[in-house]
Amino acid sequence: MDHHTLLFAVLLCITVTASASKQLCQPVEVQENPWLYVREVLNGCWTSFVRDDDNKEVHILNLNFDPTDSSMFDLNVTTAKPMILVLTSSVRAYGACYMNTDVAIYVNKNFANSLYCVPPMTLNTEAFPSQDEEVVTWVKQKFGGVTSFTTVRNPKSISFTGREGFKLGSSECILENEAPSMKYFINVETAASSPFKSCSLQQQDPSDDTELHIINIPESSRIRNVSLYVETKKTTSVFLRGPEGTVWSFQNLQHTKFGSNNEILLASITHRIPPNLKLNNDSAEAVQSKALEYFKATTFTSYNELRLNDPRVSLVLGKKDNSTVAESEPESAIAITTHTPPKTPLSMQLYTTPDYCFPLDPTTKVESDKRIYAEISVQTFGDSVFTIKVMSCVVRSNSSCPVGKELHFIPEMCSKKVCPNSTRLSFSLDQLQELKSTTWDLECSVKVCYSEQCGDGGRVKRNLAVSQSYLQPPNPPCFDFGLPAVLGIAFGGFLIGILLIAALWFIKIKTGYPTGLDMTSTVVNLSGCPCSGMKRQPVSNNPSPSENSSANASIGSTQSTPTSSMA
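Read on for an overview of the structure.

Reading the values: rules and limits
Residues numbered from 1 in each chain as written. Predicted model: local features only at pLDDT ≥ 70, side-chain atom pairs only at ≥ 80, totals over all residues. Heavy atoms only, no water. Helix = DSSP H or I, 4+ residues; strand = E, 2+ residues; numbered from the N terminus. Buried < 20%, exposed > 50% of the residue type's maximum accessible area, 1.4 Å probe, protein only. Contact = heavy atoms within 4.5 Å. Areas by Shrake-Rupley, 256 points an atom, 1.4 Å probe, with all protein chains shown as cover. Patch = residues over 30% accessible without salt bridge, like charges linked within 9 Å, V, L, I, M, F, W, Y side chains within 5 Å. Salt bridge = Lys/Arg side-chain N within 4 Å of Asp/Glu carboxyl O. Disulfide = S-S within 2.5 Å. Expected span 1.5 Å × (residues − 1). Pairing = 2+ DSSP bridges. Axes fitted to C-alpha atoms, helices over the stretch in contact; angles between N-to-C directions.

1. Some words on the overall build of the chain
1) Next: Looking only at helices and strands, one finds 8 helices and 33 strands in the chain.
2) Next: Burial statistics for the chain: of 567 residues in total, 41% are counted as buried.
3) Next: Considering only intrachain contacts with a sequence separation of at least 6, the fraction spanning at least 24 residues in the chain is 67%.
4) Next: When the accessible surface of the chain is split by element, carbon and sulfur atoms take 56% of a total near 32900 Å².

Now the structure itself:
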């Protein structure tokens, strides 16, 4: 008997231990989720278009009603500016409108005999398309353009404020995700909805810096595309379950690990990761148990069931204070999902030795003649392994007149086992020695690759303090006469000599050079070289018999008498 009692006690302890190690919770309907905030993806546009002929604006209201909603609303345009208003709905809708004679309303068949206006007026019923883009095209062809397109979910009251509805910018209506609350010319009140069932478990260790969140989309839901933005400073694990064909798009991956039975889209590098588990059971107990098993955890932070009928939805995961910030700044939040997504989270660590053992403190100055070693890492996404390719690096000085220089680097070898999600490089700061700045920003542009596909990973930046190494004073300048200089000088001297000879020759031609000099009565007529030091003898008055007679006559006619010559 004692043996059976002991065995029962052991089994009971094992059962209690197993149940304690796998805590579950029962989700309940909540109006406000402390961890998950829904930002619905609603199509819309807002342009500067105004009709030229009658100065009217052209607005489109696209009303979406959930099957459980009553599809009833009020429309007030008594203070609206002159405009053409196009109403479209995917389901039969009923409403009361309060009119302004300067407003013309066009409706589709779903509003036929179901929209009652005060004062009574005839509505224009048209058979225009139901798809958003097609409605915009139809309105542009009929009225010349579109001032705004606004999607409203489960509206209860819609009123126009009387302010101008156009805004400066593009005149073309290009549909994108938007927040209708930013349009000051219209006020919208919607029916309260409860898109969540949620529950949470108390963390066993409050000091634990990790979180586990579970998001479950039931099989009956229409949602197939979910955009997820994670706002948390802790390391977050996210377990995602949805019907087959659901795509979860991560807009950022800061401190995030994930597991899912659906396809994952990494928006920052436009790469898709296939499902890494199977789970067709959408019950809360099955999903919670699978999440704990997948992440080898004993508890989770929150469990959320998402119940919306829109095929697309945008979620912000984080504490309520974070989601409030996101809600109060819809423009920046929308930019995350519709324009340029945040880049992949990267980090850069600097080292002073090639063994990468001693990280460089950001406040420590590095001599400009030393070599620096850097390691650029990307945070781990689940079990995936990424490769980083450094495309270029620049350094910019932190001064009133910033100076930028491209930095030449050398890739350093590192095995995939040691560097599974990082890359290493080294560079020298020699080119910074001549610059006065001592604080710099080192920034590298990288690509992140998964398998054979690469995408823009953004830029990673790190501060760098540099101290100038001792520089030798420059030697006084000296002139180096090489072979070209010597040949140039020789050619110049030769050319000057030629010019001087030519000048002397020119003078000789112009002035003449006689064979003898005619002396006056006091000067002896000398022949031969005038520079000679020899003493010259007086010329005889009697010519020699051998002289030519004509020459004698010519000479005699120019000489003085013997008496005067002797004198």
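2. A few points about a nonpolar patch on the surface
1) Next: On the surface, a nonpolar cluster with roughly 530 Å² of combined accessible area is contributed by F491, F494, L495, I498 and L499.
2) Next: With respect to the secondary-structure elements, F494 resides in helix α6 (residues 483-511).
3) Next: A relative accessible area of 56% places F494 in the exposed class.

3. Side note on the environment of F300
1) Next: Counting through the fold element by element, F300 comes out in the loop between α3 (284-295) and β23 (302-306).
2) Next: When its relative accessible area of 0% is taken as the criterion, F300 is described as buried.

4. Details of the state of the cysteines
1) Next: Under the defined criterion, the tally for this structure stands at 5 disulfides.
2) Next: Here C45 engages in a disulfide with C173; their sulfurs sit 1.9 Å apart. A torsion of -100° about the S-S bond marks the disulfide between C45 and C173 as left-handed. You can see C45 sitting in strand β3 (residues 42-46) and its partner C173 sitting in the loop between β12 (155-160) and β13 (176-178), a full 128 residues away along the chain. This pair shows no difference in class: C45 is buried, exactly as C173 is.
3) Next: Note that C414 is cross-linked by a disulfide to C419, the S-S spacing being 1.7 Å. Handedness of the C414-C419 disulfide follows from its S-S torsion of about 80°: it is right-handed.
4) Next: Taking the relative accessible area as the measure of exposure, C419 reaches 6% and is therefore buried.

5. Some remarks on α3
1) Next: In this model α3 runs 17 Å from its N-terminal to its C-terminal C-alpha over 12 residues, within 8% of the 16 Å that 1.5 Å per residue would give.
2) Next: Considered for burial, the residues of α3 that qualify are A284, A286, V287, Q288, S289, A291 and L292.
3) Next: Those residues of α3 hidden inside the fold are in contact with β15 (196-199), β16 (210-216), β18 (235-241) and β23.
4) Next: The first or second residue beyond α3 is K296, which carries a positive phi of 55°.

6. With respect to the sheet that holds strand β6 (residues 83-89)
Strand pairing within a sheet occurs via backbone hydrogen bonds; the two strands may be parallel or antiparallel.
1) Next: Strand order in the open sheet formed by 7 strands is β10-β8-β6-β4-β11-β3-β13, and the pairing between neighbours is mixed. Strands at the two margins of the open sheet, each flanked by one partner only, are β10 (124-125) and β13.
2) Next: Both β3 and β13 contribute to a ladder of 3 bridges, which runs antiparallel. Looking at β13, one finds that G44 is bridged to E176.
3) Next: Against the sheet, helix α2 (residues 132-143) engages β3, β4 (57-64), β6, β8 (103-107) and β11 (148-153), with an angle of about 155° to β4.

7. Here's the deal with the pairing of strand β2 (residues 36-39)
1) Next: Neither face of β2 is left uncovered, since the one carrying L36 and V38 and the one carrying Y37 and R39 both have all their residues buried.
2) Next: By the bridge criterion, 4 bridges tie β2 to strand β24 (residues 312-318) in an arrangement that is antiparallel. Bridge pairing in β24 places Y37 opposite V316.

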